[in-house]
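# Observations on the three-dimensional arrangement
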Amino acid sequence: MCKRIIRRHGVRIIILFMVLVGFLAVPISAHAKQITSLYELDGQKIGIVTGTMYDSIVKKALPSAQIAYFNGAGDLIAALEAGKIDGFPGDEPALKLMKRENDNLTILDGYMDSFVFGAIFPKSDNGEKLCNEFNEWLDGFDKSGKLDALMKKWIDSPESELEPPDFKSLPATNGVLTMASECGYAPFDYISGDSPSGAEIDLAMQFCKDRGYGLKVAVMNFDGILPYVQTEKANFSLSAISETEERRQSVLFSDAYYTCGLVMAVKNEESASAGSWWDRLMSSFRKTFINENRWSLFVQGILNTLFITLLSILFGTTLGFVVYLACRNGNRIANLITKFFLWLIKGMPVVVLLMILFYIIFGSFSINGAIVAVIGFTLTFGSAVFGMIKLGVATVDRGQTEAAYALGHSNRHTFYNIVLPQALPHILPAFRDEVVSLIKATAVVGYIAVQDLTKVGDLIRSRTFEAFFPLIAITVFYFLLEALLGFLVGRIEFRFDPRRRSRRRIMKGVKTDDTH
């Protein structure tokens, strides 16, 4: 197996490693001109995290700026270092932390705007009741001075003095509340080790502790938080969400718990990577895997990816085969229904399909995002399997079916014992390619609150502010997963290849010593 993996994917991994070494070996060159003023960015390309309100502020301050949208802070830093954007806005505490961790950033003087953060709740009776309860608690927490102390601790204290809030040990005498969070925007919310941490996680824990609730944190992309709360999959969210008129139409906002200014980060053209490429490689490795036991996040991401992939293959193959059996004899109703659903599923981007399933079809159900992902990918994989079987069976000469009927074989016996065995060698190569495509397609499940391999990489990048190394690590892991599943399907393919059958298998059931 190892030899096959090396033969199929070794070249790719070597090329990736060479690219990584080359990237780390070349120091960042100085630019001719350092951007020092906000208005120098007018007409330049500015990066914005999807779902935030920063685009309207940037357009007001820099009318000629070009807006580019990204999923998170890690993507913004990668784009800035690669020269894809010229700057990106953010809350002052968050950007100051990024600057401490990444010398390639600098923050321009002056606020673009100021705003407040508030918790959000569903527009429902339960949501309104919880929002009022939170406001009452927040007022007392603020007047006691505990709110300022909590924010100051998480914003100003060194990382070595901070421990993730132990919200999992809350007694939950009044039930458990689910909180939606990006967990990718330190110091407000982020992943430390394998646990959610940050000022807002701590604030939510203090509220739940004082009011007798347990707390569960659902991690997702920022632009998935509002629909997650709207559909009451979460009881509330604390995730650096600023209040706007449009958002108030969708959710309830609590009183403000933090006020801050919006500043702009640009590339520090005068910085240069210090140390040898090996030192930088080892530093990136420690940040990505060793610090805070982040390797455990990768393990969790790999297991979630495998869980979704393997179950989708199993159920999708079964679904595609059963649907083909229902349609193969020309059943008009079955064919019309199948044709409609194939048109619907194949014409829809998979991320849209997952979000429709999660937020609309299963919107009123408390169902785990991973299960919804399995359902969505089962539908897409099943439609692909149906097409593969249909094309594979078509390669078998019709005359063989007619000959089998003439010899008295039943329809069922003819299909399973004559047609299908000859079709499988044509089906399995396409099946293996579809398995590989499925593994890569699961990278979008972060939109429905699933921490797969790609989402874990995003969380780590948003914590370490490493633009490049985690992406290479994720790519290598995907290559290994593809190789593993490709190997397993390849073994099945080998067994059904008529050119590779042993003489014993070919002659099975044939009497070679019959003298009569």
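In case you missed it, the structure is sitting above this.
Residues numbered from 1 in each chain as written. Predicted model: local features only at pLDDT ≥ 70, side-chain atom pairs only at ≥ 80, totals over all residues. Heavy atoms only, no water.

### A look at helix α17 (residues 453–464)
Between its first and last C-alpha, α17 extends 16 Å over 12 residues, near the 16 Å set by a 1.5 Å rise per residue. Counting buried positions along α17 gives 11 out of 12 residues, so the element sits mostly inside the fold. Those residues of α17 that fall on the buried side of the exposure criterion are Leu453, Thr454, Lys455, Val456, Gly457, Leu459, Ile460, Arg461, Ser462, Arg463 and Thr464. Backbone geometry just downstream of α17 places phenylalanine 465 in the positive-phi region, at approximately 60°. (Helix = DSSP H or I, 4+ residues; strand = E, 2+ residues; numbered from the N terminus. Expected span 1.5 Å × (residues − 1). Buried < 20%, exposed > 50% of the residue type's maximum accessible area, 1.4 Å probe, protein only.)

### Describing helix α2 (residues 54–61)
For α2, the set of buried residues is Tyr54, Asp55, Ile57 and Val58. An end-on view of α2 places all buried positions within 160° of arc, on one side of the element. If you follow the buried residues of α2, they end up packed against β1 (45–49), β2 (66–70), β3 (88–91), β5 (113–121) and β11 (252–267). (Arc of directions from axis to C-beta. Contact = heavy atoms within 4.5 Å.)

### Some details on the side chain of aspartate 55
In this fold, aspartate 55 is placed in helix α2. One buried charge, aspartate 55, has no salt-bridge partner; the nearest side chain with opposite charge is lysine 59, at 4.9 Å. When residues no more than four places from it in sequence are discounted, the contact partners of aspartate 55 are Ile48, Ile67 and Tyr69. (Lys, Arg positive; Asp, Glu negative; His and termini not counted. Salt bridge = Lys/Arg side-chain N within 4 Å of Asp/Glu carboxyl O.)

### Focus on the packing of helix α6 (residues 146–156) against helix α7 (residues 199–211)
Between α6 and α7, the shortest axis-to-axis distance is 9 Å and the interhelical angle comes to 150°. Accordingly, the angle class assigned to the pair α6 and α7 is roughly antiparallel. The two elements α6 and α7 meet at a crossing, and its hand is right-handed. Along the contact surface, α6 presents Leu147, Leu150, Met151, Lys153 and Trp154, while α7 presents Ala199, Asp202, Leu203 and Gln206. Residues that form the contact of α6 with α7 fall into these classes: six nonpolar, one polar and two charged. (Axes fitted to C-alpha atoms, helices over the stretch in contact; angles between N-to-C directions. Parallel < 35°, antiparallel > 145°, perpendicular 65-115°, else oblique. Left-handed = near helix turned anticlockwise from the far one by under 90°. Nonpolar A, V, L, I, M, F, W, Y, C, P; charged D, E, K, R; others polar.)

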